[in-house]
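Report on the structure
Residues per chain, in single letters:
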Amino acid sequence: MVQSIGMFPTLFALGPLTLQTATLCTFLAVVSALYVFWRKGREEHYEERQLFDTFFLSGLVGLLVARISFILLHAADFGFSLSKWLDLGLYPGMIGKVGLLAATLVLLRQAKHYKWDVFEVLDFWILSLTTGFVFLFLGFFFDGTGMGVPTSLPVGIVFPSVVEPHHPVQLYATLFFI
């Protein structure tokens, strides 16, 4: 398969071990989002353990809900096969917006439980998500996923498995979140 200009899905391969650029960018997104959430919470004197617990619980619930919602939406493809539900390699898919909503609702619940200022914690949350999205959308670009509509403008990029140039909306999103 010929790689298109701008695509770099595999960062390196050493024998059977490969590191995908999107995987590294997703890791950087989670770590940077956690760092911002922790840092802002620490500045406002919230307990660090509670900050970490809230972040990880929100993220875990968000991932589970995103996956479950995808499975429910594509029930005909998945059926009642637990192995298909759990195998993200052969049967990938999540609905990110639903997962993000679920994660935010868990964050709100935890903020009320710990008697935090809800609006202040939502500020931390939005700042951390914005930081994480920079890396996430950059990973989408290097992976060649999430391209925009076809275009004849000079900004168009030929992505893998397509013939005509498309808008690099992943880069637009990266710039927006920066």
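Summarised in this report is the structure supplied together with it. Because the structure is a prediction, the values reported are computed rather than measured.

Broken down by element type, the protein carries seven helices and two strands. From first element to last, N terminus to C terminus, the protein shows the α and β order β-β-α-α-α-α-α-α-α. Counting only C-alpha atoms, the protein reaches 55 × 45 × 35 Å along its principal axes. Across the 178 residues that make up the protein, the buried fraction comes to 31%. Taking all contacts inside the protein whose residues are at least 6 apart in sequence as the whole, residues at least 24 apart take part in 53%. In the form shown here, the protein has an accessible surface area of approximately 11,200 Å², with 72% of it arising from carbon and sulfur atoms.

Time to look at the pairing of strand β1 (residues 10-14). Bridge analysis of β1 against strand β2 (residues 17-20) gives four bridges, and the strand direction is antiparallel. The partner of T10 across the bridge, within β2, is Q20.

Turning our eyes to something else, we now look at the environment of W116. Note that W116 resides in the loop between α5 (96-113) and α6 (118-143). On the basis of relative accessible area, W116 is assigned to the buried category, the value being 8%. On a C-alpha basis, the gap between W116 and Y46 in space is 8.2 Å, while along the polypeptide they are 70 residues apart. Once you skip the residues sitting within four places of it in the chain, W116 turns out to touch Y46, Q50, L51, T54, A111 and V121.

Moving on, we come to the packing of aromatic side chains. Counted according to the given criterion, the structure contains 18 aromatic pairs. Their ring planes at 35° and their centres at 5.0 Å tell us that Y114 and W116 sit as a pair that is tilted. Here a set of aromatic residues connected by ring pairs shows up, and it is made of F37, Y46, F55, F56, Y114, W116, F124 and W125.

Moving on: helix α1 (residues 21-43). Helical geometry: 3.6 residues make up each α-helical turn, so side chains three or four residues apart lie on a common side. With 23 residues, α1 ought to run about 33 Å at 1.5 Å a step, and its terminal C-alpha atoms sit 32 Å apart, in line with that. Turning to α1, its buried residues number three or more, namely T21, A22, C25, A29, S32, A33, L34, V36, F37, W38 and G41. Of the surrounding elements, those touching the buried residues of α1 are β1, β2, α2 (48-73), α5 and α6. H45, located one to two residues past α1, shows a positive phi value of around 65°.

Look at H45: it is not a glycine, yet its phi comes out positive at around 65°. Structurally, H45 can be placed in the loop between α1 and α2. For H45, a relative accessible area of 73% translates into the label exposed. Its identity is not glycine, yet K115 carries a phi of approximately 60°, on the positive side.

Of note, T54 is situated in helix α2. By relative accessible area, which is 0% here, T54 ends up buried. In this structure T54 touches L107, Q110, Y114 and W116, once residues within four positions along its chain are discounted.

Bringing helix α7 (residues 169-177) into the picture now. Buried within α7 are the following residues: Q170, A173 and T174. What you see down the axis of α7 is that its buried residues fit within an arc of 100°, all on one side. Of the exposed residues in α7, those oriented more than 90 degrees away from the buried face are L175 and F176.

Attention shifts here to the pattern of salt bridges. Evaluated as defined, the whole model comprises four salt bridges. Note that E43 and R39 form a salt bridge whose closest N and O atoms lie 3.6 Å from each other. Of the two residues, E43 and R39 are both situated in helix α1; the distance of four residues between them amounts to about one turn of the helix. Residue class for E43 comes out partly exposed when judged on its relative accessible area of 39%.

Criteria and cut-off values
Residues numbered from 1 in each chain as written. Predicted model: local features only at pLDDT ≥ 70, side-chain atom pairs only at ≥ 80, totals over all residues. Heavy atoms only, no water. Helix = DSSP H or I, 4+ residues; strand = E, 2+ residues; numbered from the N terminus. Buried < 20%, exposed > 50% of the residue type's maximum accessible area, 1.4 Å probe, protein only. Contact = heavy atoms within 4.5 Å. Areas by Shrake-Rupley, 256 points an atom, 1.4 Å probe, with all protein chains shown as cover. Pairing = 2+ DSSP bridges. Phe/Tyr/Trp six-rings, centres within 6.5 Å; stacked < 30°, edge-to-face > 60°. Expected span 1.5 Å × (residues − 1). Arc of directions from axis to C-beta. Salt bridge = Lys/Arg side-chain N within 4 Å of Asp/Glu carboxyl O.

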